[in-house]
Amino acid sequence: MSTETTTNAALFARAQKVIPGGVNSPVRAFRAVGGTPRFITRAQGAYLFDAEGRRYIDYIGSWGPMILGHGHPAVLEAVHRAVDEGLSFGAPTEREVELAEEILSLVPSMDQLRLVSSGTEAAMSALRLARGATGRSKIIKFEGCYHGHADALLVKAGSGLATFGHPTSAGVPAEVVQHTLVLEYNNVAQLEEAFALHGASLACVMIEPIAGNMNFVRASVPFMRRLRELCSQHGALLVFDEVMSGFRVALGSAQSLYAKAIPGFEPDVSVFGKVIGGGMPLAAFGGKRAVMEQLAPLGPVYQAGTLSGNPVATACGLATLREIRKPGYFEALASSTRSLLEGLLAAARDSGVPMVGDCEGGMIGFFFADRLPQNYSEVMATDKERFNRFFHAMLDRGVYLAPAMYEAGFVSSAHTAQDIAATCRAAREAFA
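What you see is a predicted model, and the numbers here were worked out from it, not measured in a lab.

Draft legend 1. Main features of the sheet that holds strand β16 (residues 363–367). Strand order in the open sheet made by the three strands is β15-β16-β18, with antiparallel pairing throughout. Looking along the sheet, the strands with just one partner apiece sit at the ends: β15 (356–360) and β18 (409–410). Lying on the sheet, helix α10 (residues 329–350) is in contact with β15 and β16; it crosses β15 at an angle near 175°.

If you want it as C-alpha cells, here you go:
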C-alpha cells in the first residue's frame, strides 16, 4: 500500500481504471446514495478510518461479521497463532472439527455441516443438496431475500403464481431460472396457493427468516408457522438462510427465536456465514444427518472447495464464537442495539420526520415511512431520497451507515454508550 497521502476521490479514480465500477462488490460504489466511496485504511473497535484520516463510527461491521468490533484481542491472538502454523494445507485439520462442533452445539436443528468459503457458495450448495436429497427440481424463494449470486437465485417474480421467475442479471439464461418461483414475503395466501399448484414438485423453500437485504424485515410467526407446515406436508425442505442473522440476532440464531414461538419448530437445512468467520472468508451449510449424507464422498451430490475450512479462517471464527457465547454477551449487545434504535426514532419524532425501525440482537434497520414494511414492495415505497440525504448528513458527522436503504445495519459489542449517544446526536443534527 502506498504511504503517500491521498484522497478517497483519487483512490476511486485509480480504482475505476482497473476494477469494474472501482469496487469489488457493487454496493460499495455508493451508486445508490451518490458521492464518493470512503477507502478504508484501518479499523479498531467500533471505528473505521479512511484514506484521509477521518474516523467513523461503523454500523456496517463488514456487513455483519464484526460482532466483537474490529481487532478484538482474542481473535487477533488466535489468527496470529494460526498464521504462524500455516496459511492453507488442502487437508483436514482439527480446528475444522472444533468449529463444526462449536456451531452444532448452538444450533440443534443440525447434526452435521460442511464448511465453505462464502455465503453464496453455502446457499448454492444447500440448494443443490435439497434438489439431490428430494429428487425434485422446483424451488421457492421470496422477493427481497438475497441468497448470494448463484444463477438460480438471481430471479424476479413472474407474472403470476403459475409463472416461474425471470433472471435479474445478464448472463443468467432463462432456462436456469425456469424452476425458481418467487413469492411475496409474509404473504400466507400466496404461499398456500403456490404449494397447491406446485407442492409435489418442490425441492425446497429458501428464506431469510430476518431479511437483511431489504433493510430489516422479519418473517411473521404465523407466516413461518404455515411455511413449516406446508413444507412438511408436501415433502419440501425448508432452508433457512442465516448468513446475516446467524449468531447475530441471538446465540441460537434466528431459528431459535421462531422455536420459542412455534413449538417443535426447526428448519431442515441452514446456511451460515458472516459471524462464523469473524471477518475471514468462511461459511457453512448443514442439516440432519440423513440429508447431509447425500453429499460426496458419501452420497451423489457433489460439492468441493480448495480453501474450504481454511485454517486461518477457522481460527478467526472459532475465537469469535467462543467470545459471543460468554454469559450475558447477547443481552448486553441487544441492549445497545435497542438504545440506538430508540435514540434514532426519538430524534426523528422530535423533528417531525416519519421514521420506523426494528432490531434483534445486534442487527438493526430503519425506514423513512409511517409503518414497518412487511415485504419488498412496501420497502420500495419508503422514502429513498430522504434516506440518501440522511446517509450523507450522518457520514459528514462521522457515522458510517450502509450506503443503500436496502441494507440492514450492525451493532457490535465494541460500540459504547458514548458511541450510541454520539450517533443519536448526529441524527438530531441531520434531521434539523
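Picking up where we left off.
Draft legend 2. Here's a closer look at the packing of aromatic side chains. Here the structure, examined in full by the defined rule, presents 18 aromatic pairs. Judged by centre distance (6.4 Å) and plane angle (55°), the rings of F12 and F39 are tilted. Of this pair, F12 sits in helix α1 (residues 8–18) while F39 sits in the loop between α1 and β1 (40–44), placing them 27 residues apart in sequence. For F12, a relative accessible area of 11% gives the class buried. Taking the centre distance of 6.5 Å and the plane angle of 25° together, the rings of F387 and F391 count as stacked. Taken together, the residues span about one helical turn, with F387 and F391 both in helix α12 (residues 384–396) at a distance of four residues. By relative accessible area, which is 5% here, F387 ends up buried. For F391, a relative accessible area of 0% gives the class buried. Above the ring of F49, the side-chain terminus of R42 is found at 3.9 Å from the ring centroid. The aromatic ring of Y47 is capped on one face by R55, whose charged end is 3.9 Å from the ring centroid.

Draft legend 3. Representation of the packing of helix α3 (residues 94–106) against helix α9 (residues 311–324) within the structure. Two elements in contact, α3 and α9, have axes separated by 9 Å at closest approach and are oriented at 35°. In this structure, α3 meets α9 at a crossing whose hand is left-handed. Of α9, the residues touching α3 (which contributes R95, E96, E98, L99, E102 and I103) are P311, T314, A315, G317, L318, L321 and R322.

Draft legend 4. How the structure looks around the sheet that holds strand β17 (residues 399–400). Read across the open sheet, the four strands follow the order β1-β2-β3-β17; overall the sheet is mixed. The sheet is open, and its two edges are formed by β1 and β17, each paired on a single side. Where strand β2 (residues 47–50) lies against strand β3 (residues 55–58), three bridges are found, and the strand directions are antiparallel. Paired with Y47 across the bridge in β3 is I57. Against the sheet, helix α13 (residues 417–431) contacts β2, β3 and β17, and its axis sits at roughly 105° relative to β3.

Draft legend 5. Quick peek at helix α7 (residues 253–261). When we look at burial in α7, the residues that qualify are S253, A254, Q255 and Y258. Contact partners of the buried residues in α7: β10 (210–211), β11 (217–218), α6 (221–234), β12 (237–242) and β13 (269–272).

Draft legend 6. Representation of the pattern of salt bridges. Tallying each qualifying case throughout the model produces 15 salt bridges. Across the salt bridge formed by E77 and R81, the nearest N and O atoms sit 3.5 Å from each other. Of this pair, E77 and R81 are both found in helix α2 (residues 73–85), four residues apart, which corresponds to roughly one turn of the helix. In this structure, R228 engages D268 in a salt bridge whose closest nitrogen and oxygen atoms are separated by 3.0 Å. Of this pair, R228 sits in helix α6 while D268 is found in the loop between α7 and β13, placing the two residues 40 residues apart along the sequence. Since its relative accessible area comes to 13%, R228 is described here as buried.

Draft legend 7. Broad picture of unusual backbone geometry. Cis geometry marks the peptide bond from A296 to P297; its omega dihedral reads 10°. Tracing the sequence through the fold places P297 in the loop between α8 (289–292) and α9. Phi is positive for F30, close to 65°, though the residue is something other than glycine.

Draft legend 8. How the structure looks around the nonpolar core. Counting 69 residues, the largest nonpolar core has I103, F247, I324 and F431 as the members making the most contacts within it. Dropping the residues within four chain positions of it, I103 is found in contact with M110, L113, F247, I276 and L321. Among the nonpolar cores identified, the runner-up in size contains 32 residues, and I140, M214, L230 and F367 belong to it.

Conventions adopted
- Residues numbered from 1 in each chain as written.
- Predicted model: local features only at pLDDT ≥ 70, side-chain atom pairs only at ≥ 80, totals over all residues.
- Heavy atoms only, no water.
- Pairing = 2+ DSSP bridges.
- Helix = DSSP H or I, 4+ residues; strand = E, 2+ residues; numbered from the N terminus.
- Contact = heavy atoms within 4.5 Å.
- Axes fitted to C-alpha atoms, helices over the stretch in contact; angles between N-to-C directions.
- Phe/Tyr/Trp six-rings, centres within 6.5 Å; stacked < 30°, edge-to-face > 60°.
- Buried < 20%, exposed > 50% of the residue type's maximum accessible area, 1.4 Å probe, protein only.
- Lys NZ or Arg CZ within 6 Å of the ring centre and 35° of its normal.
- Left-handed = near helix turned anticlockwise from the far one by under 90°.
- Salt bridge = Lys/Arg side-chain N within 4 Å of Asp/Glu carboxyl O.
- Core = buried A, V, L, I, M, F, W, Y, C linked by side-chain atoms within 4.5 Å.

Any functional reading would require information that these geometric values do not contain.
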